[in-house]
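Structural characterization, general
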Amino acid sequence: MGVSHDNDHPSCANSLHIMSGEWIKGQNLGDVSWSRCSREDVERFLRSKSSSCLLQTDPLSLNSVILPSKLPGMSYTADEQCQILFGPTASHCKSMQHAMCSGLWCRVDGEQECKTKLDPPMDGTECDTGKWCRAGECASGTAQPVNTIGQWSAWGPWGPCSRTCGTGIDTRQRKCESPRSSRIVWDCMGPTIQQKLCENLPCSPGLPGFRDLQCQTFNRPSLRWYAVMDDERPCTLFCSTSGKEQPVLLADKVLDGTRCGPQESGVCANGTCQKVGCDAILGSLASEDHCGVCNGNGKSCKVIKGDFNQTLGPGYVEAVVIPTGARRIRVVEKKPTQSYLALKDASKQSINSNWKIELPGTFNIAGTTVHYVRRGLWEKMSAKGPTTSPLHLMVLLFTNQSCGIHYEYTIPVEASLVGRASEPLYMWTHSGWEDCHAVCGGGERRTMVTCTEIVNKTTSVVDSRKCSHLTRPEPQVRKCNEQPCQTRWMMTEWTSCSRTCGKGSQSRQVACTLQLRNGTLVKAKERDCMGPKPATSQRCEGQDCLTVWEAGVWSECSVKCGRGARHRPVKCTNPRRKCDLSTVPREVEDCEDYSKCYVWRTGDWAKCSVTCGKGMQSRVIQCMHKITGRHGNECFSSEKPAAYRPCHLQPCNERVNVNTITSPRLAALTFKCLGDQWPVYCKVVREKNLCQDMRWYQRCCETCRDFYAQKMQLRS
């Protein structure tokens, strides 16, 4: 709660209280109470914003806080207090009974000596028959001790206002006194001081601010102080010798009535920033709604919002007219642009008007304070209101660029229901720049000042007599083309070559010239021009007879086996398309290519492997030279034709065995023999002449193959 040790306060450093920095040996340890400095620290905390956490309580328990009528020692015996200090095995040391009110001595089981923490027992602890410990002493009495409550004295008179002009603070105090029947005071419920606002006549416009005046009290002949705000400690006086250097702490508290900040509604009281409600009561939580009504419900006004995204320029363009009585005005650019926001009321008060750009700050326009913020190219305007005259919101554009702004404000419901005809606004504007009257040597360009009428966001140029009641601004002047007028060499184009074919010459005129301020070129002496004089003639060559042929890449030979021809593109690259035909390169020439002389040759198909039904046919495939007919291995395997194909004959007779082998050679070629499958029966198959059956041939292919081989030898 921000309560400091008493050692931090010079007026309370030498006394013994709860917040003393240390216990001093020899002093009465039973007289433990809150010091006056601790009381002030607690009250300062309760008046600050930090104490708002105490408001988060159960509303049902607010009235349940009742001070106990008994002293704490009557609820806890000496043994129970020892157990609190040293554990459950501790008890009161009887041998120290005579001094128990100055310090509680305890004995722990298992230890021979008594121990103490130098803390006295709680008030109300029984120290002898009919006696109780009170403030470190064993007091006697027939009645049980009760907790005595102090009584407040009457409030003192209100003091003088803390300020002689403007808004200040009045303060009065009261004291906590003990009842006549008691010499011990515990506490009094409630604050010791009361404060309220006091109003004086407004301060003179030329006087420094109240915070600056406090800094100036520390001035010396060679040193002047200026106030510097610290946002974290607004009620502490920081000053700087120039207003920009490192601030110095000159006082822990500013004088009562100092504002907490330029945008804050609170004031400093006793070193703490306290809110001032809209009801002008110090510490009040009353606030205005967005309609400007104190403790209002926000239903008495209407919020007007809009966006302006037109692309016009250059010059001033009206975005909206904010009516009289508007509050909570807020205008903000959606994104940084090269344009400027501008405000103007019915009088001469304005921001960024007449082509004059203001620095960011506060401005009094239409009866309210407008805060103008500019960070780089981004701008914002805001005002609390209410306005006393219409405000014209405009945008100053320098080129045809896109501007995007958002605006909003509130107006009373009654005012929003009454339609008002928009009154025209006349103003002098700078509508553009004239051309520079000199091309070198330094010139000037001026703005064109015209009278402009603005009605319902429409801008038009009108007769100058409409703005006769306004002061016509002088044209803005800018320097232009400030570079000095210089001499330079001027040259004509080269003449045509003296010859159309072959080597020749061409010429041009060269002269030293001086450019005057009006842009006219006059002849000057050659020695006045910088650098050597450019050439007046040069060699050249006629292009009409120059032959330039360009030949492309040869194509492949037209024949892949033997003699053929190949071609290439040839074109004339002469700029005038005039090339000598006698020197044209060849477009066609003979060639030889033997890369594909070997081809696959096929024989005739053999008879079908069966006499009826489905069978196979075969033929001979050979790689041979196209011309010589020699065999070779240069043919591509991917192009080799098929050596076998199926054949289909008339359906077989039922008595005919379709599996009968008619061509042993074809059977051997179509079936890959890996050995006899039935070695035991294959001998019988051969003897019984069953090899002619394809089914037996497949099971005994090795035996049947030998059988057919011997049979063919016998035939031969």
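The coordinates are above.
The rules we used
- Residues numbered from 1 in each chain as written.
- Predicted model: local features only at pLDDT ≥ 70, side-chain atom pairs only at ≥ 80, totals over all residues.
- Heavy atoms only, no water.
- Salt bridge = Lys/Arg side-chain N within 4 Å of Asp/Glu carboxyl O.
- Helix = DSSP H or I, 4+ residues; strand = E, 2+ residues; numbered from the N terminus.
- Buried < 20%, exposed > 50% of the residue type's maximum accessible area, 1.4 Å probe, protein only.
- Patch = residues over 30% accessible without salt bridge, like charges linked within 9 Å, V, L, I, M, F, W, Y side chains within 5 Å.
- Areas by Shrake-Rupley, 256 points an atom, 1.4 Å probe, with all protein chains shown as cover.
- Pairing = 2+ DSSP bridges.
- Axes fitted to C-alpha atoms, helices over the stretch in contact; angles between N-to-C directions.
- Core = buried A, V, L, I, M, F, W, Y, C linked by side-chain atoms within 4.5 Å.
- Contact = heavy atoms within 4.5 Å.

**Focus: the pattern of salt bridges**
Opposite charge on two side chains makes pairing possible when the charged atoms of those side chains draw close. A full pass over the atoms with the stated rule returns 14 salt bridges. For the salt bridge of E589 with R566, the shortest nitrogen-to-oxygen distance reads 2.3 Å. Placement of E589 in strand β38 (residues 588-593) and of R566 in strand β36 (residues 562-567) is noted, with a sequence separation of 23 residues between them. Residue classification places R566 among the partly exposed positions, given a relative accessible area of 28%. Note that R586 and E589 form a salt bridge whose closest N and O atoms lie 3.1 Å from each other. Taking relative accessible area as the criterion, E589 reaches 14% and is therefore assigned buried. Residues joined by salt bridges that share partners form a network here, namely E444, R446 and K479.

**What about a nonpolar patch on the surface?**
A grouping of M1, L46 and L54 is seen on the molecular surface, where their side chains present a nonpolar patch of about 300 Å² in accessible area. Looking at where L54 falls in the secondary structure, it is placed in the loop between α1 (36-47) and α2 (78-86). According to the relative accessible area criterion, L54 is partly exposed, its value standing at 41%.

**Digging into the sheet that holds strand β5 (residues 131-134)**
Spatial strand order, β4-β5-β6: three strands in an open sheet with antiparallel pairing. Looking at strand neighbours, the two that pair on one side only are β4 (126-128) and β6 (137-140), the edges of this open sheet. Direction aside, neighbouring strands of the sheet carry axes that sit 50° apart on average. Two strands pair when backbone bridges link them, and β4 and β5 are joined in this way by two bridges, in the antiparallel orientation. Each residue of the ladder has a partner; that of D128, found in β5, is K131.

**Considering the nonpolar core**
In terms of nonpolar packing, the biggest core is built from 27 residues, with I329, M381 and L393 touching the most fellow members. Where this core is concerned, the elements lending two or more residues are β17 (315-322), β18 (327-333), β19 (340-344), β21 (361-365), β22 (368-375), β23 (378-383), β24 (391-397) and β25 (405-412). Beyond its immediate chain neighbours, meaning those up to four positions away, I329 contacts I322, M381, S382, A383, T387, L391, E408 and Y409. Judged by nonpolar contacts, the second largest core, of eleven residues, contains A78, L104, C106 and V108.

**Some thoughts on the sheet that holds strand β12 (residues 237-240)**
Strands sit in the order β11-β12-β13 across an open sheet of three strands; the sheet is antiparallel. Whereas interior strands pair on both sides, the edge strands pair on one side only; in this sheet they are β11 (226-228) and β13 (248-251). Pairs of neighbouring strands in the sheet enclose a mean axial angle of 55°, with direction left out of account. Pairing geometry for β11 and β12, over three bridges, is antiparallel. When the bridges of β12 are listed, V228 appears paired with F238.

Remember that the coordinates give geometry; whether it matters functionally is a separate question.
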